[in-house]
Structures are given as C-alpha cells and as structure tokens.
Amino acid sequence: VKYIFFNMESPVAHSVNNEYSPLINTTSRRARFLDRSAPFAQSYGRFGIVRKHKNDELKRTDWFHTLLYTSTWKIIVLFVFVNVMSWLAISGLLVACSHSCDFDFDNFNDAFMLAIMLLSTIGVGIRHDPYMKGCDCGIIVIGATVLWGLFLDALVIGIVFQRLGRGQRRASTICFSDKAIIKKINGNFCFIFQVCEMRKHQLIESHVRLYCIRHSKTGVPFQTHAMRTQQPNDELNGWLLMAIPQHVVHRIDAFSPLAPIPEEKCKALEHHLFSFIDSNLEESSRKNLDLNFTSQDIENFLNETDAEVVVLIEGIDPATSYTVQARHSYKLEDIEFRGFFAQSVTVDSDGAAVVDFNLFNMIIPDSK
C-alpha cells in the first residue's frame, strides 16, 4: 500500500461543498464532549469533563500511575528537586562520617561532589585510603546511597519509557474523516464515516465502538447510548482492517439513539429494549413500529438533543504490545445529509493500492 499524505494548501483536504451544509442553525448549546483540536480536524482524545470534590486519597494509593499521568514538565521539576535534595542529604551524612572514615574534606563542596558521584554510580574519588579505614559509617552511607541511586534511575527510566510509548501518541496516526454522512441506503437512513491508519505498521485486532451522548428535553444531560454497527458487524466484534480507508456504518432504526422516535411509539419499543442484540427481533420490531422519519426529522432531533457521536477504535501496537485507543466525535455541524465520500484508493501501475489522503475528507454531492 502506498500513501499520499495531506496537503495543507489543498482545498479538497477540508472537504465539503457549502451548498450541502445543514439546513438549520447548528450552533451548539454546549461545548464538545470530545475535542476536535488536533491537526487535520482530528482529536487529541480529551473529554470535556470537569471533576469536582475528588478524593485525592484514592489517587495516592496508586502513586506510580498518578506520577505517570502528571505533565512532563512537572515530572522533570520533581526529579530535579529529588536529586538535589538527595545530594544535599548525602553530603551531610558524608561530612558526619568524614573524621572516622578519613574522607578529609576541605569544605562542603568536596562532600557534595562525592555525593553526586555516588548517586550517579560514576565512582568514588577519595584522597587517602580507598577502603576508608573500614569504618561502619562509610559502608552504611555509601551502600544506602548506591541503592537509592539505583531506585531513582529505575524509576526515571520506567516513567520516561512509559510516557514515550503510551498509546495516546500512537493513536495520532489513526485518521477519521472530518465529516460524517447520513444518507438513505436500501430504505434505511445510515450514519457513515470512514477511518484509516496512516502508518504502514498496522494495529493488531483493531475494532470499533460507537456511543451517542444526548441531552434530554427534560433537562437530563449527557445521556450515554451505545450504537450498533452494521459495517463492520458488531456481532462479529467489529473488526477493522485500517490499511486502507474503511467505512463504518450505523443504521438509524428503532433502536438507534439517532432516531427521532415519536413519544407515542416509544412505549411500543420499551419491552424490546433489552433484547436488541437479537437481529431477528430487531428486524421485526423495526417493521412493526413503521418509523417513517425524514432526514429533516433526524437533523431536527440531533439539534434538539445536541447529540454527539463518540467513536472509539482500539487495537494493539505490535512494537510495544500496548493497547491503543483512538477517539473521535461528530456533532450536527460535522454531519452532511447528502453526498458520498470520494474514492481515495486507486491502483498503481505495479498493481499496488494507493491511498490519497488529499481525497480522504472530500465529499461528493449526490446527483439528485
């Protein structure tokens, strides 16, 4: 597979024909639940959640992960502070043992330099007897210093490695289409977007999950609803091959949180809500409910509920064996109700697949 990457100057990289913009005002009443502030209209995966009255005692019980999720500059400042304080403390202990161990320091700076060497396991530079007259104080101080230095080195290396290899950064090359499309396919409205891995090294066992975040008319905010997928089939675990762009399709039917179901028909659906995983029951229920809504009904419903579709794609990075989760979201202003995605995959002269990311976000209007 060959890849042609985004050209920031290319108008097609930002996709949509203004003639087919949504028909109603889509100014959001709330901020996005998931950010879309990364390059190429992607997401950094940050949820817009403010947590109040947290119990910090629970975080302190897991100090390693609390430290691991601390910002990089705070970790650097913390390690510099711990090392300097360790040097000072060890210097004081060495001065206390100076007479009995014949260190013969001229001043505190000599002890401080020896402390740096001991903590860095560089070596020991002493003017006289390298065995320090066999004093017990020197054995204890130098032994404890070396062990403390090994612990600090292991902690720093572990945290640096974990932060450099964390899955959030690996997920940055999983590219989602800037816009999603809602269109009628075989008599059913479908919510469609596409996704592709920009790296040639693919994730293992990639799969997708969708959730809809809605806000009830009665004032209950941030209601979370799981969304079925027909492509890839979630009954087959929703596996994805992201080496080339893949369409993810959700059918907007009676069980979809995107469906504008009238209140009088909601009760007819209640006794099926916990049986939606049965495909045959789902099909019969959809026909019995006879949901004849239009694209304008869907658009109005998404605007009224300020709905946001959150997409999660997970897989395993083969190089580090870390689980990677890429996140993205679509609100009404990110949805087109007419058109289809441009073909971004072509065949090279040698028969290889060519993925043109300049066409990845482009939506072609329907001829109708």
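For the structure given in this document, a descriptive report is provided here. (Residues numbered from 1 in each chain as written. Predicted model: local features only at pLDDT ≥ 70, side-chain atom pairs only at ≥ 80, totals over all residues. Heavy atoms only, no water.)

1. Let's talk about the state of the cysteines
Next, step 1: Scanning the model with the defined rule gives one disulfide in all.
Next, step 2: Put simply, cysteine 97 and cysteine 137 are joined by a disulfide, and their sulfur atoms are 1.6 Å apart. On the criterion of sequence distance, the pair formed by cysteine 97 in the loop between helix 3 (72-96) and helix 4 (98-101) and cysteine 137 in helix 6 (residues 136-164) is long-range, its members being 40 residues apart.
Next, step 3: What makes cysteine 97 buried here is its relative accessible area of 2%.
Next, step 4: We classify cysteine 137 as partly exposed; its relative accessible area is 28%. (Disulfide = S-S within 2.5 Å. Helix = DSSP H or I, 4+ residues; strand = E, 2+ residues; numbered from the N terminus. Buried < 20%, exposed > 50% of the residue type's maximum accessible area, 1.4 Å probe, protein only.)

2. Considerations on the pattern of salt bridges
Next, step 1: If you walk through the whole model with that rule in mind, you get 11 salt bridges.
Next, step 2: In this structure, aspartate 366 engages lysine 183 in a salt bridge whose closest nitrogen and oxygen atoms are separated by 3.9 Å. With a gap of 183 residues between them, aspartate 366 in the segment after strand 14 (363-364) and lysine 183 in strand 3 (residues 180-185) connect regions that are remote in the sequence.
Next, step 3: Residues glutamate 314 and arginine 209 are paired through a salt bridge, measuring 2.5 Å at the closest nitrogen-oxygen approach. Within this pair, whereas glutamate 314 is found in strand 8 (residues 308-316), its partner arginine 209 is found in strand 5 (residues 204-214), the two being separated by 105 residues in sequence.
Next, step 4: What makes arginine 209 partly exposed here is its relative accessible area of 30%. (Salt bridge = Lys/Arg side-chain N within 4 Å of Asp/Glu carboxyl O.)

3. With respect to a nonpolar patch on the surface
Next, step 1: Taken together, Ile76, Leu78, Val80, Phe81, Val84, Met85, Leu88, Val95 and Phe108 make up a surface patch of nonpolar side chains, about 770 Å² in accessible area.
Next, step 2: Top contributing element to the nonpolar patch by residue count: helix 3, with eight residues.
Next, step 3: By the secondary structure assignment, methionine 85 is in helix 3.
Next, step 4: For methionine 85, a relative accessible area of 41% translates into the label partly exposed. (Patch = residues over 30% accessible without salt bridge, like charges linked within 9 Å, V, L, I, M, F, W, Y side chains within 5 Å. Areas by Shrake-Rupley, 256 points an atom, 1.4 Å probe, with all protein chains shown as cover.)

4. Quick notes on the sheet that holds strand 5
Next, step 1: Taken together, four strands build an open sheet; the order of strands is 6-5-8-9 and the sheet is antiparallel. The open sheet has two edge strands with one neighbour each: strand 6 (223-227) and strand 9 (323-331). The sheet shows a mean angle of 25° between the axes of neighbouring strands, taken without regard to direction.
Next, step 2: The sheet contact formed by strand 5 and strand 8 spans eight bridges and is antiparallel. Bridge pairing in strand 8 places histidine 207 opposite glutamate 314. (Pairing = 2+ DSSP bridges. Axes fitted to C-alpha atoms, helices over the stretch in contact; angles between N-to-C directions.)

5. Notes on the packing of aromatic side chains
Next, step 1: For the coordinates displayed, the defined rule picks out 12 aromatic pairs.
Next, step 2: Relative to tyrosine 330, the ring of phenylalanine 191 lies with its centre 6.0 Å away and its plane at 70°, an arrangement referred to as edge-to-face. Of this pair, phenylalanine 191 sits in strand 4 (residues 188-197) while tyrosine 330 is found in strand 9, placing the two residues 139 residues apart along the sequence. Across the pair, tyrosine 330 and phenylalanine 191 agree in class, each one buried.
Next, step 3: Relative to phenylalanine 360, the ring of phenylalanine 357 has its centre 5.7 Å away and its plane inclined at 50°; by these criteria the two rings are tilted. (Phe/Tyr/Trp six-rings, centres within 6.5 Å; stacked < 30°, edge-to-face > 60°.)

6. Focus: helix 3
Next, step 1: The end-to-end C-alpha distance of helix 3, which contains 25 residues, comes to 36 Å, matching closely the 36 Å that a straight helix rising 1.5 Å per residue would cover.
Next, step 2: For helix 3, the set of buried residues is Ile75, Phe79, Ser86, Ile90, Ser91 and Leu94.
Next, step 3: The secondary structure elements touched by the buried residues of helix 3 are helix 2 (63-68), helix 4, helix 5 (108-119) and helix 6. (Expected span 1.5 Å × (residues − 1). Contact = heavy atoms within 4.5 Å.)

7. Let's talk about the side chain of serine 206
Next, step 1: Checked against the element boundaries, serine 206 lands in strand 5.
Next, step 2: Not counting chain neighbours up to four residues away, the residues in contact with serine 206 comprise Gly238, Trp239, Leu240, Met242, Glu314 and Gly315.

8. Description of unusual backbone geometry
Next, step 1: The amide bond that connects glutamine 231 to the next residue, proline 232, takes the cis arrangement and shows omega of -5°.
Next, step 2: Positionally, proline 232 belongs in the loop between strand 6 and strand 7 (246-251).
Next, step 3: Its identity as a non-glycine residue notwithstanding, alanine 41 has a phi of 60°, on the positive side.
Next, step 4: Looking at where alanine 41 falls in the secondary structure, it is placed in the loop between strand 1 (2-4) and helix 1 (56-60).
Next, step 5: Phi at glutamate 205 is positive, roughly 55°, even though this residue is not glycine.
Next, step 6: With respect to the secondary-structure elements, glutamate 205 resides in strand 5.

9. Digging into the nonpolar core
Buried together is how nonpolar side chains tend to be arranged in soluble globular proteins.
Next, step 1: Residues Phe191 and Leu302 are the most contacted members of the largest nonpolar core, which totals 35 residues.
Next, step 2: Mapped onto this core, the elements with two or more residues apiece are strand 2 (174-176), strand 3, strand 4, strand 5, helix 10 (295-305), strand 8 and strand 9.
Next, step 3: Considering every element that reaches this core, the biggest residue donor is strand 4, with four residues.
Next, step 4: By size, the runner-up hydrophobic cluster in this structure holds 14 residues, among which are Ile90, Leu94, Cys97 and Leu114. (Core = buried A, V, L, I, M, F, W, Y, C linked by side-chain atoms within 4.5 Å.)

10. Digging into the packing of helix 3 against helix 5
Helix-helix packing is characterised by the crossing angle of the two axes and by the distance between the axes.
Next, step 1: Running from N to C, helix 3 and helix 5 cross one another at 120°; their axes reach a closest spacing of 8 Å. One element, helix 3, and the other, helix 5, form an angle in the oblique class. Helix 5 is crossed by helix 3, and the crossing has right-handed handedness. Two secondary-structure elements touch here, helix 3 through Asn83, Ser86, Trp87, Leu88, Ile90, Ser91, Gly92, Leu94 and Val95 and helix 5 through Phe108, Ala111, Phe112, Leu114, Ala115, Ile116, Leu118 and Leu119.
Next, step 2: A per-class count over the contact of helix 3 with helix 5 returns 13 nonpolar, four polar and no charged. (Parallel < 35°, antiparallel > 145°, perpendicular 65-115°, else oblique. Left-handed = near helix turned anticlockwise from the far one by under 90°. Nonpolar A, V, L, I, M, F, W, Y, C, P; charged D, E, K, R; others polar.)

These values are about where atoms sit, not about what they do.
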